[in-house]
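In case you want the letters, here they are:
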Amino acid sequence: MGARILERPLNQVGENASLALPCPSCGKEVRYAGTRSKEFLSVLGPITLVRRYCLCSSCHQGFFPKDRMLDVEGASVTPGVLRMTGIVGAELSFEKGSEFLWELAGLDVSPKQVERVAEALGAEIACNERTCLEPDPVTSLPSTLYLGPDGTGIPMRREEVSGRSGKQEDGSAKTREVKLCVVWSAETTDDQGIPVRDEGSASYTAAIESAASPDTGQGPSDFAARVLREASRRRFDHVVRQVVVADGAPWIWNLASEHFPRAIQILDLFHAKEHLGDVAKAIFGPDSEKTLPWIKDRHAELDDGKIDAIIAALRIYAPRCEEARKCIGYLETNRHRMNYPEFRAQGLCVSSGMVEAGCKTAIGARLKQSGMFWSLEGANAIIALRCAKLSGRLEPFFERRAARRCA
Ligand SMILES: [Zn+2]
C-alpha cells in the first residue's frame with residue numbers, strides 16, 4: 001500500500017509536457033517520444049514509474065528527464081534502497097545482506113542484486129575517492145597524527161591470480177595483497193597516562209594496487225598516491241607531529257621517508273612483539289617450555305628499548321637458526337624505530353596494534369570469510385565502500401551525490 005501511495009505523486013511530478021528541456025549531451029532542444037514504464041525497487045517495495053522519453057534531434061541521444069530528477073538514471077533501485085544495499089554490502093556477505101534486507105525491510109533483493117548494486121556503488125566511491133580531496137570536517141586538529149600503512153592478503157578467484165607468483169608450494173598464488181592506510185589520533189590517555197587512540201578518529205583507505213613506483217616517469221606509485229590523498233584529507237601536513245607506525249616491511253619505510261620526511265617512524269610495538277614470539281617458536285619449537293619465558297624476557301627488553309640485549313640473546317641461536325639470524329637483521333635495520341622509552345617520554349603512542357587491527361577490521365572481517373573468492377574489480381569496490389563507511393564518509397558521499405544530481 002505504501003508503494004502504491006508513493007507511486008502516485010512520483011508519476012505526476014516532472015511530466016509537464018510544455019517544459020522545453022535541453023539535451024544533457026549537447027544542449028540542443030529535445031523532442032518528446034512517448035512514455036515508457038519501468039519498475040524500481042523502493043524502500044516501500046516495487047513501484048512502477050511511467051516516464052516521458054525524450055530524444056535529441058541533434059545528437060540522437062535518448063533520456064528520461066524523470067529518472068534524472070529522481071536520481072534513478074540507469075538504476076533498478078531508488079536512492080533509498082541503494083543506500084540500504086550499500087550499508088549491508090559494506091558489512092555483510094551478499095547472501096547475508098540479501099537476508100537482512102528481507103528480514104528488516106521486507107525488500108526482495110537477491111544476493112546477486114546486492115552484489116551488483118553494492119559493487120557499482122563501491123566503484124563510484126572509489127572513483128570519488130581519487131578525485132575528491134576535500135579535507136574531512138574537523139572541530140579541532142590534534143597536535144599529533146598517526147599514519148599506518150600495511151598489507152594483507154585476500155582470497156581471489158582462480159582466474160585473477162593465474163600466472164602470478166605467490167606463497168603456495170608450487171609457487172602459485174591464491175591471494176592478492178590489499179594495501180591499507182589508517183590515520184588516527186591518540187590525544188586521550190588511559191588511567192596510567194598512556195596515550196590511547198581517540199574514539200572515532202580512525203579513517204581508512206585501501207585497494208589492491210601497486211606500491212612500486214612506475215617504471216616510466218617519476219610519479220608516485222598508485223598506493224603512495226592513495227596515502228598522499230588520505231594524508232591531505234586528514235590534514236597530515238598541518239599537524240605539529242607526524243608519526244608513521246608500521247611493521248618492518250621496507251616498502252612502507254621507503255614510502256614514509258620519501259613522502260613524509262619529517263615524520264617520526266615507529267615500528268609498531270605490538271608487531272615487534274609478535275615477531276619475537278614467532279622467532280622464539282622457530283628457535284625452541286612451539287611447545288617447548290623454554291619458549292614462553294624467553295619471549296617474556298625479550299618483550300621486557302623491547303619495552304625498555306634494550307635492542308642490544310635482544311640481539312645478544314639471539315646470537316646464541318643464530319648459527320643454527322635462520323629465523324634468529326634474520327631477526328638480528330630486522331632489529332639492526334629498525335633500531336631507530338624501536339626507541340620505545342624515548343617515544344613514550346614524548347607522549348607518543350607505540351603499542352596500539354592499531355595498524356594490525358585496521359587490517360582486520362577494514363579488510364579481514366568483510367573480505368576474508370570462508371568461501372569468499374574475489375575478482376579484482378569486485379574486491380576493490382567493496383573495499384572502497386567499506387573504508388568509506390568505517391571512516392564516516394558514506395553519509396557525506398550520499399549528500400554530495402544528491403546535491404550534484406539536483407544541480
Ligand atoms: Zn543532443
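Residues numbered from 1 in each chain as written. Predicted model: local features only at pLDDT ≥ 70, side-chain atom pairs only at ≥ 80, totals over all residues. Heavy atoms only, no water.

1. Digging into the pattern of salt bridges
This structure, assessed with the given rule, holds 25 salt bridges. Linking Glu 99 and Lys 96 is a salt bridge whose minimum nitrogen-to-oxygen distance equals 3.7 Å. A residue pair is termed a helical-turn pair when its members lie 3 or 4 positions apart in one helix, as Glu 99 and Lys 96 do in helix H4 (residues 94–105) at three residues. Glu 99 gets classed as partly exposed once you look at its relative accessible area, which sits at 40%. When the shortest N-O distance is used, the salt bridge between Glu 129 and Arg 233 registers 2.6 Å. Of this pair, Glu 129 sits in helix H5 (residues 111–131) while Arg 233 sits in helix H7 (residues 222–233), and the two are 104 residues apart along the sequence. (Salt bridge = Lys/Arg side-chain N within 4 Å of Asp/Glu carboxyl O. Helix = DSSP H or I, 4+ residues; strand = E, 2+ residues; numbered from the N terminus. Buried < 20%, exposed > 50% of the residue type's maximum accessible area, 1.4 Å probe, protein only.)

2. Points about the domain arrangement of the protein chain
Splitting the protein chain by domain gives domain 1 (2–76) and domain 2 (144–372). Once you take the C-alpha centre of each, domain 1 and domain 2 turn out to be 52 Å apart. (Domains from an automatic or database assignment.)

3. So, the nonpolar core
Core analysis: the largest hydrophobic core is formed by 100 residues, its most contacted members being Leu 314 and Tyr 340. Once residues lying within four places of it in the same chain are set aside, the contact partners of Leu 314 are Val 279, Ile 283, Trp 294, Ala 324, Cys 327, Ile 328 and Leu 331. Among the nonpolar cores identified, the runner-up in size contains six residues, and Ala 3, Phe 40, Ile 47 and Val 72 belong to it. (Core = buried A, V, L, I, M, F, W, Y, C linked by side-chain atoms within 4.5 Å. Contact = heavy atoms within 4.5 Å.)

4. Thoughts on the pairing of strand E2 (residues 45–56)
The element E2 is largely enclosed, with a buried count of nine among its 12 residues. Of the strand pairs in this sheet, strand E1 (residues 30–42) and E2 are connected by 11 bridges, and their pairing is antiparallel. Bridge pairing in E2 links Arg 31 to Leu 55. What sits between the antiparallel neighbours E1 and E2 is a turn of two residues. Here two bridges tie E2 to strand E3 (residues 62–63), and the two strands are oriented antiparallel to one another. Across the sheet, the residue bridging to Cys 54 is Phe 63, located in E3. Between the antiparallel neighbours E2 and E3 lie five residues, among them His 60 with a positive phi of about 60 degrees. (Pairing = 2+ DSSP bridges.)

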